[in-house]
Amino acid sequence: MNNKFFFTIIILMAMPFASISQSFKFCSYTYSSKYVITFNQDDDQSATFKLYDSNDNLIKTTLGTWELRDEGVYGPVTYIIYKFSGVNSHLPNMKFLFIRDGYGSPQEIRDSQDRTWDRCY
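Residues numbered from 1 in each chain as written. Predicted model: local features only at pLDDT ≥ 70, side-chain atom pairs only at ≥ 80, totals over all residues. Heavy atoms only, no water.

Caption draft 1: Geometry of unusual backbone geometry. One non-glycine residue with positive phi stands out, namely Gln45, at about 50°. With respect to the element layout, Gln45 can be found in the loop between β2 (33-41) and β3 (46-53). The partly exposed category is assigned to Gln45, whose relative accessible area is 25%. (Helix = DSSP H or I, 4+ residues; strand = E, 2+ residues; numbered from the N terminus. Buried < 20%, exposed > 50% of the residue type's maximum accessible area, 1.4 Å probe, protein only.)

Caption draft 2: Molecular detail of the side chain of Thr48. Take Thr48: it is sitting in strand β3. Those residues within four positions of Thr48 in sequence are excluded, and the remaining contacts are Val36, Ile37, Thr38, Thr62, Leu63 and Tyr82. (Contact = heavy atoms within 4.5 Å.)

Caption draft 3: Examining the environment of Gln22 more closely. With respect to the secondary-structure elements, Gln22 resides in strand β1 (residues 22-29). Note: C-alpha distance between Gln22 and Gln41 (19 residues apart in sequence) is 5.2 Å. For Gln22, the contacting residues outside a window of four places in its chain are Phe39, Asn40 and Gln41.

Caption draft 4: Just the pattern of salt bridges, in detail. By the definition in use, this model includes seven salt bridges. Note that Arg69 is salt-bridged to Glu71, the shortest N-O span being 3.7 Å. Residue Arg69 is classed as partly exposed on the basis of its relative accessible area of 31%. Residue Glu71 is classed as partly exposed on the basis of its relative accessible area, which comes to 30%. When the shortest N-O distance is used, the salt bridge between Lys95 and Glu71 registers 2.8 Å. Taken as a pair, Lys95 in strand β6 (residues 94-100) and Glu71 in the loop between β4 (58-70) and β5 (78-84) lie far apart in primary sequence, 24 residues in all. Taking the relative accessible area as the measure of exposure, Lys95 reaches 37% and is therefore partly exposed. (Salt bridge = Lys/Arg side-chain N within 4 Å of Asp/Glu carboxyl O.)

Spelled out as structure tokens, the structure:
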């Protein structure tokens, strides 16, 4: 067995154990603004909430953390909770219905006013 093949096998075996930080982003639009919330799958479960005007200029950014919470009574229902941090930590948490596609990947979220936030990239 040559060394190149052996090295490739070792790398492939170790890949599932590698810590890769991923994020998923959702967007919601109104006539005059765009809202973008990003959930980072890192050690801190950090998140950002950004508001843009109609010209795509950044107006405001808030920082926070997030967690998934299962609250289903008659079946599986998952919510994602955005918790503000820093100067905005006094604001109430935002709660979104978390919807996954058939493969378990994030598809969309819905806020308390039943607005749909689609995945954006």
